[in-house]
Amino acid sequence: MNSSSFTTDILAELSHTLGQVSDETADQLVSAMGQANQIFVAGGGRSGFMAKAFVMRMMHMGLNAYVVGETVTPSLEAGDLFIVGSGSGETGSLLAMTEKAKTIGATVAAVTTNPESSIGKLGDIHITIPAQAKAEGASGKSIQPMGSLFEQSLLVLYDALILSYMDKHQLTSDTMYGTHANLE
Ligand SMILES: O=C([C@H](O)CO)[C@H](O)[C@H](O)COP(=O)(O)O
């Protein structure tokens, strides 16, 4: 098979997977983004790359959003929003952070493949992306290796949340471009 056939298959997987994500829970997260003083997004490995992309867009929209683990990221406080994206919902460092965020009094939003996972169960808001998680093996849910389908779906979901927030707050690409980095 050539790469364009694989592209078609990947897009079909994304469409099928994201078509099953609940609008209701996604809307809950968009509302929480509007209410929080500060927003923290965590993710490991490739899920962490998607967190960085999401935080960049939230910054463009004027939100106080931070990637967990960066040197300039401040303290989480009670009432802040902590968003964790983890396909397995079991990554140890993320589980420890989620437990701490909960103890501090943050609202926890968990995006995982499994609401019954250790991280999923801690979510005040839980969004389920019904993709294959990294250690699931040949699940039949994806032709792609490991957690690729989850990680791609996570980026598209995060971008959909951005569009929803923009729509609710009458933001445009032009206004957001005003906060884009000018040292690049
Ligand atoms: O980078 C990843 C790996 O390549 C799996 O495809 C994962 O995103 C990373 O290991 C974090 O795992 P999850 O917390 O299960 O998303």
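Please refer to the structure placed before this passage.
Remember, predicted model here, so these are calculated numbers, not experimental data. (Residues numbered from 1 in each chain as written. Predicted model: local features only at pLDDT ≥ 70, side-chain atom pairs only at ≥ 80, totals over all residues. Heavy atoms only, no water.)

1. Quick look at the site of the ligand
Moving on, step 1. In the vicinity of the ligand lie 13 residues, with Arg-46, Ser-86, Ser-88, Thr-91 and Glu-151 positioned nearest.
Moving on, step 2. Ser-47 places a polar side-chain atom, nitrogen or oxygen, 2.9 Å from an oxygen atom of the ligand.
Moving on, step 3. At 2.7 Å from an oxygen atom of the ligand is found a side-chain nitrogen or oxygen belonging to Ser-86.
Moving on, step 4. Summarising the interface, the protein chains cover 85% of the accessible area of the ligand, which totals 400 Å² for the free molecule.
Moving on, step 5. The dominant element in the shell around the ligand, judged by the number of residues it contributes, is helix H3 (residues 45-60), at 3 residues.
Moving on, step 6. Of the residues assigned to the shell around the ligand, the class counts are 2 nonpolar, 8 polar and 3 charged. (Near = heavy atom within 4 Å. Polar contact = N/O pair within 3.5 Å; in protein donor to acceptor, adjacent residues only side chain to side chain. Areas by Shrake-Rupley, 256 points an atom, 1.4 Å probe, with all protein chains shown as cover. Helix = DSSP H or I, 4+ residues; strand = E, 2+ residues; numbered from the N terminus. Nonpolar A, V, L, I, M, F, W, Y, C, P; charged D, E, K, R; others polar.)

2. Re the sheet that holds strand E3 (residues 81-85)
Moving on, step 1. With parallel pairing, the 5 strands of this open sheet are ordered in space as E2-E1-E3-E4-E5. Each edge of the sheet is formed by a strand with only one pairing partner; in this case those strands are strand E2 (65-67) and strand E5 (125-128). On average, each strand axis in the sheet is tilted by 15° relative to the strand beside it, whichever way the strands run.
Moving on, step 2. Docked against the sheet, helix H4 (residues 92-104) engages strand E1 (39-42), E3 and strand E4 (107-112), running at close to 160° with respect to E3. (Pairing = 2+ DSSP bridges. Axes fitted to C-alpha atoms, helices over the stretch in contact; angles between N-to-C directions. Contact = heavy atoms within 4.5 Å.)

3. Digging into the nonpolar core
Moving on, step 1. Among the nonpolar cores identified, the biggest contains 37 residues, and Met-33, Ile-39 and Met-58 are the most heavily contacted of them.
Moving on, step 2. Contributions of two or more residues to this core are made by helix H2 (23-35), E1, H3, E2, E3, E4, E5 and helix H5 (148-168).
Moving on, step 3. No other element matches H5, which puts 9 residues into this core.
Moving on, step 4. Leaving out residues up to four positions away in the same chain, Met-33 has contacts with Ile-39, Phe-54, Met-58, Met-61, Leu-63, Leu-81 and Tyr-165.
Moving on, step 5. Of all hydrophobic cores here, the second largest spans 12 residues; its members include Phe-82, Leu-94, Ala-106 and Ala-110. (Core = buried A, V, L, I, M, F, W, Y, C linked by side-chain atoms within 4.5 Å. Buried < 20%, exposed > 50% of the residue type's maximum accessible area, 1.4 Å probe, protein only.)

4. Here's the deal with helix H1 (residues 3-18)
Moving on, step 1. When the terminal C-alpha atoms of H1 are compared, their 22 Å separation across 16 residues agrees well with the 22 Å that a helix rising 1.5 Å per residue should span.
Moving on, step 2. Those residues of H1 that are buried are in contact with H5. (Expected span 1.5 Å × (residues − 1).)

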